[in-house]
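Residues per chain, in single letters:
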Amino acid sequence: MKRPWLVLVVVGLGVFANSLDNPFHFDDHHSIEYNPNIRSLDRIPGYLVDPGAFSSRPRGFMYRPLLLTTYAVDHAAWGHGEAFGYRLTNLALHVAMSALFAIWVHRLLRRRGLALAAGVLFLAHPVHAEVVNYVSSRSDLLSGLLLLLATVALKTDRRALGIAGYAAALLSKSTAVTLPVLLALSQFTRGAVDGLSRSWWAAMAAVTAGYIGVLAATR
């Protein structure tokens, strides 16, 4: 099949089309629907220094500037109070992550058909339904996508891209800080990540330390 990504798009729309018109719910209300901080693209630079921009609640602090940037872009594209566009963005990110997962499987097993099947299963599995149906789960989706991108980049010797992906994942959700631990553990598997040099470990340590420093400074 010349365009396997098209299969993922079709499957994604088929599986999740009935959820796209659902309204905002739970944390979507304070972090998106009623959040005045995402209603202008001019606010984007401020996300880097203001964790209070995450929510309409006075004490709704969360340092996720890249996530907020995607919300602001969605608001500019779709307008206030319209959940459809936000959920469509989540679906696009989920399809992209499924494609990246398929690429990862292909690099491990060198079997294109099996890799595509793995990507479809990843896309359609019920355990992943929340990341499309619940807009606020974009934090998990975005950080997961960027972490997988970082891992694939490191595997293919595009290590600057890997470090950039790790940094971007941290700006989406703090759980991304686990990547260096996961990479260290992967050294004991079937060569999932081969021989990262000390300089790249140092780069990841510097990014991690910088991120923790920003958290301390902004909170």
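Refer to the structure above for everything that follows.
Every value quoted in this text rests on a predicted model; they were computed, and no experiment measured them. Counting starts from 1 at the beginning of each chain's written sequence and moves along it residue by residue. Local features are withheld for residues below a pLDDT of 70 in this predicted model, meaning they are given only at 70 or higher, and side-chain atom pairs are given and counted only at 80 or more; totals for whole chains, interfaces and linings count all residues. Values shown for side chains rest on all heavy atoms present in the structure; no hydrogens or waters enter the calculation.

**Points about helix H4 (residues 83–109)**
- In this text, helices come from DSSP runs of H or I with a minimum length of four residues, and strands from runs of E with a minimum of two, each type numbered from the N-terminal end. How far a helix is expected to stretch is found by multiplying one less than its residue total by 1.5 Å. Spanning 27 residues, H4 covers 39 Å between terminal C-alpha atoms, matching the ideal 39 Å at 1.5 Å per step.
- Contacts described as polar in this section are N or O atom pairs within 3.5 Å, which, within protein, must combine one atom able to donate a hydrogen with one able to accept it, while residues neighboring in sequence count only if both atoms come from side chains. For H4, the side-chain oxygen to backbone nitrogen distance between the N-cap and Phe-84 is 3.0 Å, and the N-cap itself is Glu-82.
- Just downstream of H4 lies Arg-110, where phi reads positive at about 60°.

**Focus on the side chain of Arg-64**
- Looking at the secondary structure, you find Arg-64 in the loop between helix H2 (28–33) and helix H3 (65–78).
- Buried charge without a salt bridge: Arg-64, with Asp-140 as the nearest opposite-charge side chain at an N-O distance of 6.6 Å.
- Only heavy atoms enter the contact rule, under which two residues are in contact if any of them lie within 4.5 Å. Every residue in contact with Arg-64, bar those within four places of it in the chain, is listed here: Phe-54, Ser-139, Leu-171, Ser-172 and Lys-173. The classification of residues rests on relative accessible area computed with a 1.4 Å probe and restricted to protein chains. Under 20% of the type maximum is buried, over 50% is exposed, and intermediate values are partly exposed. Under the counting rule used here, the positive set is Lys and Arg, the negative set is Asp and Glu, and His together with the chain ends is not counted. Between Lys or Arg on one side and Asp or Glu on the other, a salt bridge is scored when a side-chain nitrogen of the former is within 4 Å of a carboxyl oxygen of the latter.

**Here's the deal with the packing of H4 against helix H7 (residues 138–155)**
- As a rule, the C-alpha atoms of each element are fitted with a line to give its axis, helices using only the stretch in contact, and angles between N-to-C directions run from 0 to 180 degrees. Relative to each other, H4 and H7 sit at 25°, their axes nearing to 10 Å. Taken together, H4 and H7 sit at an angle that is classed as roughly parallel. In the crossing of H4 with H7, the sense of the turn from one axis to the other is left-handed. Mapping the contact onto sequence places Tyr-86, Thr-89, Asn-90, Leu-93, His-94, Ala-96, Met-97, Leu-100, Phe-101 and Trp-104 in H4 and Arg-138, Leu-141, Leu-142, Gly-144, Leu-145, Leu-148, Leu-149, Thr-151, Val-152 and Lys-155 in H7.
- Following the grouping adopted for this structure description, the nonpolar residues are Ala, Val, Leu, Ile, Met, Phe, Trp, Tyr, Cys and Pro, the charged ones are Asp, Glu, Lys and Arg, and the polar ones are all others, Gly among them. Grouping the constituent residues of the contact of H4 with H7 by class yields 13 nonpolar, five polar and two charged. Small angles under 35 degrees read as roughly parallel and large ones over 145 as roughly antiparallel, with 65 to 115 read as roughly perpendicular and the rest as oblique. Handedness of a helix crossing follows the sense of rotation of the near helix relative to the far helix, less than a right angle counterclockwise being left-handed and clockwise being right-handed.

**Observations concerning the nonpolar core**
- Core analysis: the largest hydrophobic core is formed by 33 residues, its most contacted members being Leu-91, Met-97, Leu-147, Tyr-166 and Leu-179.
- Among the secondary structure elements, those contributing two or more residues to this core are helix H1 (4–16), H4, helix H5 (112–124), helix H6 (130–133), H7, helix H8 (159–170), helix H9 (179–186) and helix H10 (198–218).
- Of all the elements, H7 adds the most residues to this core, at nine residues.
- Residues Ile-38, Ala-72, Ala-83 and Tyr-86 belong to the second largest nonpolar core, which totals 13 residues. What we call a nonpolar core is a set of buried Ala, Val, Leu, Ile, Met, Phe, Trp, Tyr and Cys residues that are connected through their side-chain atoms within 4.5 Å.

**A few points about the packing of H9 against H10**
- Contact pair H9 / H10: the axes reach a minimum separation of 10 Å and the direction vectors enclose 155°. Accordingly, the angle class assigned to the pair H9 and H10 is roughly antiparallel. Of H10, the residues touching H9 (which contributes Pro-180, Leu-183 and Ala-184) are Trp-201, Met-204 and Thr-208.
- For the contact of H9 with H10, a count of residues per class yields five nonpolar, one polar and no charged.

**Concerning unusual backbone geometry**
- Its identity is not glycine, yet Phe-26 carries a phi of approximately 55°, on the positive side.
- By the secondary structure assignment, Phe-26 is in the loop between H1 and H2.
- Of note in this structure, Arg-110 is not a glycine but carries a positive phi near 60°.
- By the element assignment, Arg-110 lies in the loop between H4 and H5.
- For Arg-110, a relative accessible area of 57% gives the class exposed.

Treat this as a map of the structure, not an account of what it does.
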